Amino acid sequence: MPTPAIEPTEACALALDRADPLAAFRDRFYLPPGIIYLDGNSLGLLSRDAEAALLQTLEDWKGRAIAGWFEGPRPWLGTAREIGALAAGMMGAAPDEVVHTATTTVNIHALMASFYRPEGRRVKILADALNFPTDIYALRGQLRLRGRDPGRDLALVPSVDGRTLDEERIAAMLTEEVALAWLPSVLYRSGQLLDMAFLTARAHERGVLVGFDCSHSAGIVPHELDRWGVDCAAWCSYKYLNGGPGASAFLYVNRRHFDREPLLAGWFGNRPETMFDMALDFEPAPDAGRWQISSPAVLGSSTLRGSLAMIEEAGIEAVRRKSLAMTAYLVALLDEHLAAPPYSFRVGTPREDSRRGGHVAVERDEGAERVCEALIARGVVPDFRPPNVIRLCPSPLYGTFHEIWRTAGHLQAIIDGGEYRPGS
Ligand SMILES: *Cc1c(COP(=O)(O)O)cnc(C)c1O
């Protein structure tokens, strides 16, 4: 069926839902009853597939006890590599370049410990002023651990408009004083998708290593980490990857860096063949597995077997196509019905498909947080990011276009009825 053209009408939503090749995935998720869930970029929903995978691990533990580490179809010792490999394809990486381990912030520390090597004049880390706070905290901590002054050695690319970053401006700051750039793939507030291929090429021209935090793009945007030549990356698994609260995260190391020393070393980073020799000499594994620190969080990782397989089955390209159609439709509704006063909503996300991640940042100067609360009271779950951003994230695997239409109707009614005013 050809994809219907995007128009700001209810008929368009119904036509898009009828033509949706991913529609059947919705029934495999646990949708909170009566709720329009637009917060999959904070916490993706539980699928029956993820649930079954977790229950299987509980059965394995029940039945095998300690032998579960070594025996059965999925020995727990191999969890980090096995689940890393499941995510590799959608990230454009080889299976041995991705491990599923620790948490995002810990992985950023583990990567920085190996990749940040201040030398001569090259002592700075380049990041950006719109980054997720945890990334900045980690970078500052790493600088201090090396005896450096974050005030001097952490350079932050300023935003042009408080929402977005200009890639040319980032490139211009890749000077001979920068050792490493750590950047987001998609900005968590505005939803801008950065041009990772361009930034990697510019960084390498200037002799700068580059890593990306892909937490807001993994599972919703196809990546080509190898082809772009990215040096390292980390991302979480509970947003678009639907791994569940606190599920372990991922890290990627380009194979040309497999010989770097994992300085946040731990026994799970040892070569698997000799780790149980319990020798005091650390023999790092020959792949990205060497950046593992501890035993895998087997229970909280098992969900990923189910949820990643669903994304594979849908195809990351199809997921991206539907996601772009959903956000384009939402933007069209906002422009057509909700931009003029008294509604006064603004789209803070870039409009070009190539610059948009998976969510839309809806801005309103007055009462944005209370509009958000009024949406929740009406059974729509968005989230709020201060000072004035309502993030709406339609999920390609479990959301529908008609839900987006209804959400726009709720926004209109909230303003019409003054529900966002204090005391209402
Ligand atoms: C969600 C997210 C994180 C999460 O960090 P945790 O250590 O998993 O809590 C980190 N960075 C970015 C950019 C994120 O979007």
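This report concerns the structure included in the present document. Keep in mind that what you see is a predicted model, and the values were worked out from it rather than measured. (Residues numbered from 1 in each chain as written. Predicted model: local features only at pLDDT ≥ 70, side-chain atom pairs only at ≥ 80, totals over all residues. Heavy atoms only, no water.)

## A closer look at the sheet that holds strand S8 (residues 249–253)
So, point 1. Spatially, the seven strands line up as an open sheet ordered S2-S8-S7-S6-S5-S3-S4, and their pairing is mixed. Strands at the two margins of the open sheet, each flanked by one partner only, are strand S2 (98–101) and strand S4 (154–157). Going across the sheet, the axis of each strand differs from the next one's by a mean of 20°, ignoring polarity.
So, point 2. In this structure, strand S5 (residues 178–184) lies alongside strand S6 (residues 209–213), joined through five bridges in parallel fashion. Bridge pairing links Pro184 to Asp213 in S6. (Pairing = 2+ DSSP bridges. Helix = DSSP H or I, 4+ residues; strand = E, 2+ residues; numbered from the N terminus. Axes fitted to C-alpha atoms, helices over the stretch in contact; angles between N-to-C directions.)

## With respect to the packing of aromatic side chains
So, point 1. Evaluation of the coordinates by the stated rule reveals eleven aromatic pairs.
So, point 2. Between the aromatic rings of Trp267 and Phe268, the centroid separation amounts to 5.0 Å while the plane-to-plane angle is 90°, which identifies the pairing as edge-to-face.
So, point 3. With 5.7 Å between their ring centres and 80° between their planes, Trp267 and Phe276 make a pair best called edge-to-face.
So, point 4. Members of the aromatic cluster, connected to one another through ring pairs, are Trp69, Phe70, Trp76, Trp267, Phe268 and Phe276.
So, point 5. Residue placement shows Arg48 over the ring face of Tyr30; its charged tip is 4.5 Å from the ring centre.
So, point 6. Above the face of the Phe115 ring, Arg260 is positioned so that its terminal group lies 4.8 Å from the ring centre. (Phe/Tyr/Trp six-rings, centres within 6.5 Å; stacked < 30°, edge-to-face > 60°. Lys NZ or Arg CZ within 6 Å of the ring centre and 35° of its normal.)

## A few points about the pattern of salt bridges
So, point 1. Applying the stated criterion across every chain, the model contains 29 salt bridges.
So, point 2. As a salt-bridge pair, Arg271 and Glu273 come within 3.3 Å of each other at their nearest N and O atoms.
So, point 3. According to the relative accessible area criterion, Arg271 is partly exposed, its value standing at 28%.
So, point 4. Among the salt bridges present, the one from Asp383 reaches Arg385, with a minimum N-O distance of 3.6 Å.
So, point 5. Counted as one network, the salt bridges with shared partners bring together Arg121, Lys124, Glu176 and Glu177. (Salt bridge = Lys/Arg side-chain N within 4 Å of Asp/Glu carboxyl O. Buried < 20%, exposed > 50% of the residue type's maximum accessible area, 1.4 Å probe, protein only.)

## Quick notes on the packing of helix H1 (residues 10–18) against helix H13 (residues 401–416)
So, point 1. At their nearest, the axes of H1 and H13 sit 7 Å apart, and the two run at 160° to each other. In terms of orientation, H1 lies roughly antiparallel with respect to H13. Taken together, the residues of H13 that come into contact with H1 (itself represented by Glu10, Ala13, Leu14, Leu16 and Asp17) are Phe401, His402 and Trp405. (Parallel < 35°, antiparallel > 145°, perpendicular 65-115°, else oblique. Contact = heavy atoms within 4.5 Å.)

## So, H13
So, point 1. In this model, H13 (16 residues) spans 23 Å end to end at C-alpha, consistent with the 22 Å of a helix rising 1.5 Å per residue.
So, point 2. Among the residues of H13, Phe401, His402, Glu403, Ile404, Thr407, Ala408, His410, Leu411, Ile414 and Ile415 are the ones counted as buried.
So, point 3. Those residues of H13 hidden inside the fold are in contact with H1, strand S1 (36–37), helix H11 (316–337), helix H12 (368–377), strand S11 (380–381) and strand S13 (389–392).
So, point 4. Looking one or two places after H13, you find Gly418, whose phi comes out positive at around 65°. (Expected span 1.5 Å × (residues − 1).)

Bear in mind that shape data such as this cannot, by itself, settle questions of function.
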